[in-house]
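Take a look at the letters that make up each chain.
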Amino acid sequence: MTGFLAFAVPLLAGWRLAAAALAGRTIRPVWAARVFEAALGAGAGIAISSIAFFLLTLGGAASPAAILVLDAALLAAGLLASWRTRGRRAAVPSESAAPPAFRWNWLLALALAAGFAVVLYGLISISAANPFGEWDAWSIWNLRAKFLAGPGDAWRSALSALPEKAGMHPDYPLLLSGFVAMVWKAAGDTAPWVPQLTGFLFLALILALLGSALAALRGLTSALLAGFVLLASTSFLFQATMQYADLPLGFYYLASIALLLLAESAPNCLALSGACASFAAWTKNEGAAFAVFLTLALLAVDRRAVRRYLTGAAPVLLLVVCFKVFLAPASDPLFKQGAAGLAQRFADPARYVQIGKALAVEAYHFGQPWSHPLLLLAILAVALRFRIDPAGARGLRVAATALALTFAAYCGVYVVTPSDLAWHLQTSLSRLYGQLWPSFLLLVFLTLDVPRATAPAAVLKAQRKPKERFRK
Amino acid sequence: MLALAGALDYSQFLSEYSRSADQFQIGAQQARFRDAAAALPAGGAVGYVSDVPVSDPQGQAMLGAAQYALAPRILAPLKRGKGTGWVVGSFAFPEEVRSVAAEYGLSTVSNYGNGIVLFRRERLQ
């Protein structure tokens, strides 16, 4: 029961905090706004509680009682914030409740739910048969969670600089391990349901966030179609059973980008976008690269927007920098290699060919051949054609630039990795695709036209009124 | 329709895969190490020996499984002439226990069966 409370309360607290932060924002329709704030808030609650637990641990004050007090304080803060903004919530105009124009959306929704029910049943069977997850789960993420949840100074082992523990990646940030450890410490055991449920939760949060963001920006039909493409992304869905940090990272990328795009009508969303990018940096090293690239892409567009974005990002980015500098210096061979080896690998054309082939092969294996998500996207592109909403073009450009730079950085790491390249590609590339996939889908569906007969009146109306983004 | 048909096809794959999902038997390792874990201190460093070298992929998997089962204790593969204290052994071939113990100067505290042995190393050799 204590474990369940420690798991659920941060989600509830985050939901109320997100509801307060988004109160009065012009996200339409209302149901999409509610789903968006719930999904965003649950992810934010996990991040905030993970950070708070880490600070408690660092201060030697982590105990089951302290965790419950912390959770209660978070929940109280969330409830207070949402109570103080309740008036703003009531101001949402009734136009947002406009019914979707496409009369068969209910059938699409039903089919999508049935498809996910079938796949989820299979994924849950896998997780039940393999409750400790895949290799990196028990050798990195959950192992470090066990150290963090241990008695006394055991948490220091999660950051161990012992050479034989290099495979545990002690320099990786601690969002996932911290959250799992917090629940374990509160519960007094290390039951596998915690990382199992966390994996599935992040899959659900991605679905909810992608669907609600698209419903708000492009209409319900686009959201449902994106759901079908996600349903066909089998390699991505499988990550829910793995208990790795890639799915959470994909969630924070998506949240950051969705908030950036929603900032058109609600500039304060930029601070939340920055906060989510910083949560990504607290999840995995790749997240720090994403946060930097998003900052640079924003900087090229609007300096004032960067200020707002950094207001949200700075606190956790500062924590990540302190973590890296003082507690867990880079131990990855990637950062320890000499300049000679780096230059040699950089100048080796065979590596580029090998990486190119692996990119193609993994892309092929991202779904089933005849229902491949890229094939579905191609069919939709032919059927719907592309049409970029001029009002959203700049936000799209910023997000696409940040994602492209992040992907380029991933490829750059493969070029210079001192590890065996074939092994490195084979064990990580599909997960890297998975990190970027939800955000990529969001951007693709924002460049695809809305089926004319299906566009909600509010969406079509908004499309006719392009307006300045970010400058408010 | 394509996505739905793909989902059905994928669910069949998942159903087949679930029969062999825990390929490293991590679940079984928790039970295998339970008695050794109860006998060890709750935290701190513990030595590790095996008849399968940790440089070998199977040896890496055995060490990883032992480390996960015994965390928050931190396991360090034993080196000749270095380290004293508790040592846990995980053996693929239990008949190797005696020779490995002799090689590293270990005295057996308890043999739990199933390839798990708890040792002490008091003096360096």
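Throughout this document, residue positions are counted from 1 along each chain, in the order its sequence is written. Throughout, the order in which chains and ligands are written sets their labels, letters from A for the former and numbers from 1 for the latter. In view of the model being predicted, local features appear only for residues whose pLDDT reaches at least 70, and side-chain atom pairs are presented and counted only at 80 or more, with totals across whole chains, interfaces and linings using the full set of residues.

A short note on the overall build of chain B
Argument step 1. A tally of regular secondary structure across chain B gives 5 helices and 5 strands.
Argument step 2. Numbering of helices and strands starts at the N terminus; helices are DSSP runs of H or I of at least 4 residues and strands are runs of E of at least 2. Mapped from its N terminus to its C terminus, chain B presents α and β elements in the order α-α-α-β-α-β-β-α-β-β.
Argument step 3. The size measure is the radius of gyration over C-alpha atoms, and the globule rule it meets is 2.2 Å times the number of residues to the 0.38 power. What you see for chain B is a C-alpha radius of gyration of 19 Å, clearly larger than the 14 Å of a compact globule of 125 residues, by over 25%.
Argument step 4. Summarising its shape, the C-alpha atoms of chain B cover approximately 70 × 25 × 25 Å along the three principal directions.
Argument step 5. When each of the 125 residues of chain B is scored for burial, the buried share is 34%. Here exposure depends only on C-beta density: within 10 Å of a residue's C-beta, 20 or more other C-beta atoms make it buried, 12 or fewer make it exposed, and intermediate numbers make it partly exposed, the C-beta atoms being placed from the backbone.

Focus on the confidence of the model for chain A
Argument step 1. Here chain A shows a mean pLDDT of 89. Residues at 70 or above account for 92%.
Argument step 2. By definition, pLDDT measures how confident the predictor is in each residue, and it falls between 0 and 100. Contacts here follow a simple rule: the backbone-placed C-beta atoms of the two residues must lie within 7 Å. Throughout residues 90-97 of chain A the model reports pLDDT below 50, and contacts reaching past four residues in sequence, or to other chains, amount to 9 contacts.

Quick notes on the interface of chain A and chain B
Argument step 1. Each side of the interface is counted separately: chain A has 35 residues, and chain B has 28 residues.
Argument step 2. Counting residues per element, the ones that place at least two in the side of chain A that touches chain B are helix 5 (105-129), helix 6 (135-149) and helix 9 (220-231) of chain A.
Argument step 3. With 10 residues, the single largest contributor to the side of chain A that touches chain B is helix 5 of chain A.
Argument step 4. Each residue gets one of three labels, nonpolar for Ala, Val, Leu, Ile, Met, Phe, Trp, Tyr, Cys and Pro, charged for Asp, Glu, Lys and Arg, and polar for the others, Gly among them. Considered class by class, the residues forming the side of chain A that touches chain B number 20 nonpolar, 13 polar and 2 charged.

Quick notes on the environment of F236 of chain A
All names here are of chain A.
Argument step 1. Within the fold, F236 resides in helix 10 (residues 234-242).
Argument step 2. Classification of F236 by C-beta neighbours within 10 Å gives buried; the count is 26.
Argument step 3. In the structure, F236 is positioned 111 residues away from S125 in sequence and 17 Å away in space, judged by C-alpha atoms.
Argument step 4. In contact with F236, other than residues within four places in its own chain, are G434 and W437.

Side note on the nonpolar core
All names here are of chain A.
Argument step 1. Put simply, a nonpolar core is a cluster of buried Ala, Val, Leu, Ile, Met, Phe, Trp, Tyr and Cys residues tied together by C-beta atoms within 7 Å. Residues L209 and L210 are the most contacted members of the largest nonpolar core, which totals 187 residues.
Argument step 2. Looking at which element gives the most residues to this core, the answer is helix 2 (residues 30-58), with 16 residues.
Argument step 3. With near-sequence residues (within four places) excluded, L209 lies in contact with F36, A39, L40, F251, L254, A255 and A258.

Here we look at the packing of helix 2 of chain A against helix 3 (residues 64-84) of chain A
Residues and elements named next belong to chain A.
Argument step 1. Axis definition: a line fitted to C-alpha atoms, over the contacting stretch in the case of helices. Angles run 0 to 180 degrees between N-to-C directions. Axis separation between helix 2 and helix 3 bottoms out at 11 Å; the angle between their running directions is 140 degrees. The angle between helix 2 and helix 3 places the two elements in the oblique class. As helix 2 packs across helix 3, the resulting crossing turns out to be right-handed. Residues I48, S49, A52, F53 and L56 of helix 2 lie in contact with helix 3, whose contacting residues are A66, I67, L70, D71 and L74.
Argument step 2. Classifying every residue of the contact of helix 2 with helix 3 gives 8 nonpolar, 1 polar and 1 charged. Any angle that is under 35 degrees is reported as roughly parallel, and any over 145 degrees as roughly antiparallel; angles of 65 to 115 degrees are reported as roughly perpendicular and all others as oblique. In this scheme, a crossing is called left-handed if the near helix is turned counterclockwise away from the far one by less than a right angle; it is called right-handed if the turn is clockwise.

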